[in-house]
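Descriptive structure summary
Each chain, written out:
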Amino acid sequence: MSSMGAVLVGRLTLDRRGCFHISGTERDILWPRGYTARQPLNGPAEIVDPTGQTAARVGDLISTSGGYASAAPQPPCTDGQPWEINSAITVQASDYTATGTALHTSTSRPVPTATDSAGTAPPVTAGQGTQQTSTAASTAGGSGSVAAATPADPPVTTAALAHGTWQELPAAPISGRSDAVGAWTGSLVLIWGGRDATSRGRPLLLGDGASYDPATRRWNQLPPSPLPPRASALSVWTGRQLLIWGGQGPTGNNYTDGAAFTPATRTWTALPSLPDPTGPTGPVRDRALVWTGTAAVLFTAGAEAPAATAASSVAAHRFVPGASSWTELPSLHLSAGHPAQRIAAVATDRQVWLWAQWSSSKVLERHEQGQPTSTATRDGTDVFTLDATTFRWRTSGTVPGGQGISPPWWTGTHILLPAGVYPRTYPGPRQTDLHGLTVDPTDGTSTAMPHGPVDDLRPTYVWTGQLLVAANSSDDRGGPPQTLTGHAAAWDPVTRIWTALHPAPASAPGGVVLWTGRQLFVWGQTSNTQLTTGSNPTATSGFVLQPAAQ
């Protein structure tokens with residue numbers, strides 16, 4: 001065993017085999033000896049500690065520590081080298097503990113230990129009058145007990161981030177780029193594709209990638225992928241694989257293929273192709289891809305007429321890893337007069353939420369020659385939900401006009417919709433004093449977030465599990481060229497207070513921005529900010545914000 005002090009943070013999930021996993025990692029879990037699993041009569045499956053108390057439920061955001069283990073013989077629900085937990089399990093966010101829902105649980109059996117050679121887990125018997133459910137978890141112990149339980153590292157606070165320091169990353173084996181795919185696996189940063197905007201003439205599209213290990217500060221180049229070079233591809237991390245889909249080709253064409261990369265084996269697998277309902281070269285107006293915990297759902301906003309500037313419908317397709325094809329879901333037909341220019345989506349526990357930003361103009365007066373002299377513009381954002389079980393669409397309200405949208409985040413209890421600007425086609429001056437929204441998925445009500453220090457600077461937002469961090473900002477309110485500010489800030493949804501962070505020495509426009517569990521990671525084609533002193537950062541470097549000791 002190694003790295004037994006490493007911290008693991010993610011959401012507890014249950015796969016189709018009845019095996020528990022922690023999302024955000026590519027490893028199976030080896031649970032401490034004495035832990036069991038059970039299926040309540042009216043709630044999610046749960047992990048139970050040796051005292052009989054519920055340690056965590058499916059859907060909970062949990063943190064724990066441990067390291068990679070080599071188990072022999074191989075316990076059920078583990079493949080290859082599993083992750084062995086050796087600490088207490090801390091629930092950071094839970095719908096069930098927050099709402100106080102009463103759970104009447106069934107009886108349970110011990111789950112297999114590392115010394116079990118049966119290869120299958122005994123079923124967890126549901127209570128009388130309910131259908132029996134098989135739920136499995138693998139436990140450590142083998143010939144001896146695991147290390148004594150120690151508390152997991154505490155979540156990073158705003159104070160620790162505010163007093164943190166920016167550190168330059170070692171040079172990567174791939175060139176700096178923008179519009180690349182980026183993902184955090186729980187132990188590695190994965191980067192693939194993108195475009196080199198520094199190339200002469202048309203930006204050069206890239207088809208290589210690399211992984212970065214924050215624990216060792218080492219990069220490794222990824223093996224060649226089956227995909228041609230592209231930029232702005234969609235991606236999701238499944239807990240085991242990085243799914244990459246679509247993206248833009250050299251002529252602005254929309255790709256309709258994808259691939260899955262498995263870090264544990266360092267292998268690529270081509271995904272089934274999907275004929276684009278609006279054609280391979282358009283008129284696709286926007287796409288969104290989400291991971292529901294069991295499947296990827298792709299949304300494609302398309303227009304009926306090739307010359308249309310906005311979408312009239314949103315097609316939906318579902319893909320379960322390992323399947324041979326995509327499954328077509330019901331399409332969403334947008335309201336008349338509300339053609340979508342942009343969409344954004346996020347998956348919660350039971351639904352997928354989708355925002356369709358629209359704008360329409362009406363000519364009021366014209367010149368004698370027929371040219372418009374006066375127009376009236378209406379805009380807004382319509383909100384829809386797709387039930388993850390019935391796959392039925394439902395209208396879930398609207399967002400006021402003038403409220404932009406950025407990629408949303410699911411906290412486990414609420415949706416965070418960070419501040420965003422309208423596309424450049426939106427008439428009038430660039431908006432300022434922008435703010436985000438928090439959305440309660442139980443009733444769809446939204447609450448305005450306070451205006452943040454960098455909300456007007458087009459930052460990238462990431463969710464740490466406790467905080468919303470805005471970084472990699474640039475100021476183009478005065479028109480081109482944009483000013484790279486490096487400003488960053490963090491918002492605590494509990495206190496509802498923004499805290500300014502130390503500015504970064506460089507920004508990476510269109511770069512990869514991720515939260516790695518303990519650091520804020522920024523990488524791309526870095527350029528000096530107006531606050532930079534000292535040497536210029538290299539094109540293959542990036543930066544991490546290392547929080548101060550807590």
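For every chain, the first residue of the written sequence is number 1, and numbering continues from 1 onward in sequence order. Where local features are concerned, this predicted model is filtered to residues with pLDDT of at least 70; where side-chain atom pairs are given and counted, the filter is 80 or more; whole-chain, interface and lining totals use all residues. To obtain the side-chain values, all non-hydrogen atoms of the structure were included, while hydrogens and water were left out.

This part takes up the environment of Arg-496. Here Arg-496 is to be found in the loop between strand E39 (488-492) and strand E40 (497-501). Each C-alpha atom of the pair Arg-496 and Pro-450 lies 7.4 Å from the other, and the pair is 46 residues apart in sequence. Whether two residues touch is decided by their heavy atoms; if any such pair falls within 4.5 Å, the residues are in contact. The contact partners of Arg-496, leaving out residues within four places of it in the chain, are Thr-438, Thr-447, Ala-448, Met-449, Pro-450 and Trp-491. Helix and strand definitions follow DSSP, with helices as H or I runs of at least four residues and strands as E runs of at least two, each counted in order from the N terminus.

As a further point, take the pattern of salt bridges. A pairing counts as a salt bridge when a side-chain nitrogen of Lys or Arg comes within 4 Å of a carboxyl oxygen of Asp or Glu. Under the definition given, this model contains four salt bridges. Put simply, Arg-177 and Asp-208 hold a salt bridge, and the shortest N to O gap is 2.8 Å. Here the residue Arg-177 occupies a position in the loop between strand E12 (165-168) and strand E13 (181-184), and Asp-208 occupies one in the loop between strand E16 (204-205) and strand E17 (209-213), the gap between them amounting to 31 residues. Taking the shortest distance from any N to any O, the salt bridge between Asp-179 and Arg-195 comes out at 2.8 Å. Taken together, the residues Asp-179 in the loop between E12 and E13 and Arg-195 in strand E15 (residues 195-196) connect sequence positions 16 residues apart.

Let us look at the sheet that holds strand E32 (residues 415-417). Following DSSP output, two strands are said to pair if at least two bridges run between them. If you trace the four strands from one edge of the open sheet to the other, you get E31-E32-E33-E34, paired in antiparallel fashion. With one partner strand each, in any of the chains shown, strand E31 (409-410) and strand E34 (446-448) form the two edges of the open sheet. In this sheet, E34 lies alongside strand E33 (residues 437-439) in antiparallel orientation, the contact comprising three bridges. By the bridge assignment for E34, Val-439 is matched with Ser-446.

What follows is about the sheet that holds strand E43 (residues 520-523). Pairing within the open sheet is antiparallel, and its four strands lie in the order E12-E45-E43-E42. The strands lining the two open edges of the sheet, one partner per strand, are E12 and strand E42 (512-515). Neighbour-to-neighbour, the strand axes of this sheet turn through a mean angle of 20°, independent of strand direction. Across four bridges, E43 lies against strand E45 (residues 542-546) in antiparallel orientation. Looking across to E45, one finds that Val-522 is bridged to Phe-543. The angle between two axes is taken between their N-to-C directions and runs from 0 to 180 degrees, where each axis is a line fitted to C-alpha atoms and a helix contributes only its stretch in contact.

Right, let's talk about the packing of aromatic side chains for a bit. Between two aromatic rings, the relevant description is the distance of the centres plus the angle of the planes. The aromatic pairing rule takes the rings of Phe, Tyr and Trp, using the six-membered ring of Trp, and pairs them if the centres are within 6.5 Å, calling planes under 30 degrees apart stacked, those over 60 edge-to-face and the rest tilted. Summed over all chains, the structure comprises 11 aromatic pairs. An angle of 45° between the planes, with centres 5.1 Å apart, marks the rings of Phe-261 and Trp-268 as tilted. Note on accessibility: Phe-261 and Trp-268 belong to one class, buried. Among the aromatic side chains, those forming a connected cluster through ring pairs are Tyr-212, Trp-219, Phe-521 and Trp-523. A ring is considered to have a charge above it if a Lys NZ or an Arg CZ atom is located within 6 Å of its centre and within 35 degrees of its normal. Over the ring of Tyr-255 we find Arg-230; its NZ or CZ atom is 4.0 Å from the centre of that ring. Each residue is placed in one exposure class: buried if its accessible area under a 1.4 Å probe, protein chains only, is under 20% of its type's maximum, exposed if it is over 50%, and partly exposed if it falls in between.

Now for the confidence of the model for the chain. Residues at a pLDDT of 70 or more form 70% of the chain, whose mean pLDDT is 76. In the model, residues 97-152 has pLDDT below 50 throughout and makes 135 contacts with residues more than four positions away in sequence or in other chains. A score from 0 to 100, pLDDT tells how confident the predictor is in each residue. Across residues 530-539 the pLDDT falls below 50, and counting only partners more than four positions away or on other chains, this stretch makes 21 contacts in the model.

This part is about the pairing of E13. Pairing of E13 with strand E14 (residues 189-192), which is carried by four bridges, proceeds in the antiparallel orientation. Residue pairing for E14: Val-181 is matched across the bridge by Trp-192. Between the antiparallel neighbours E13 and E14 lie four residues, among them Gly-186 with a positive phi of about 110°.

So, about unusual backbone geometry. Backbone phi values are negative for most residues with the exception of glycine, while trans is the configuration of most peptide bonds. Here Phe-391, not a glycine, exhibits a phi torsion of approximately 60°, which is positive. With respect to the helices and strands, the residue Phe-391 is situated in the loop between strand E29 (372-387) and strand E30 (393-399). In this structure, Arg-496 is a non-glycine residue whose phi angle is positive, near 60°.

A word on the pairing of E42. Alternating positions in E42 separate into two faces, Val-512 and Leu-514 on one and Val-513 and Trp-515 on the other, with burial throughout. Bridge analysis of E42 against E43 gives four bridges, and the strand direction is antiparallel. By the bridge assignment, Leu-514 is partnered in E43 with Phe-521. Here E42 hands over to E43 after four residues, with Gly-517 in that stretch at a positive phi of 100°.

What follows covers the nonpolar core. Leu-161, Trp-166, Val-469, Leu-501 and Leu-520 are the most contacted members of the largest nonpolar core, which totals 21 residues. At the level of secondary structure, the elements contributing two or more residues to this core comprise helix H2 (158-162), strand E36 (468-471), E39, E42, E43 and E45. Among the elements that line this core, the one with the most residues is H2, at three residues. Here the nonpolar core consists of buried residues drawn from Ala, Val, Leu, Ile, Met, Phe, Trp, Tyr and Cys, with membership extended through side-chain atoms lying within 4.5 Å. One finds Val-297, Leu-329, Ile-343 and Leu-354 within the second-largest nonpolar core, a separate group that totals 20 residues.

Tracing the backbone shows Asp-257 in the loop between strand E20 (242-245) and strand E21 (258-262). Look at Asp-257 and you get partly exposed, because its relative accessible area is 22%. Here the alpha-carbon distance between Asp-257 and Pro-272, two residues 15 residues apart in the chain, equals 7.0 Å. The residues contacting Asp-257, other than those within four sequence positions of it, are Leu-227, Pro-228, Arg-230, Ile-244, Trp-245 and Gly-246.

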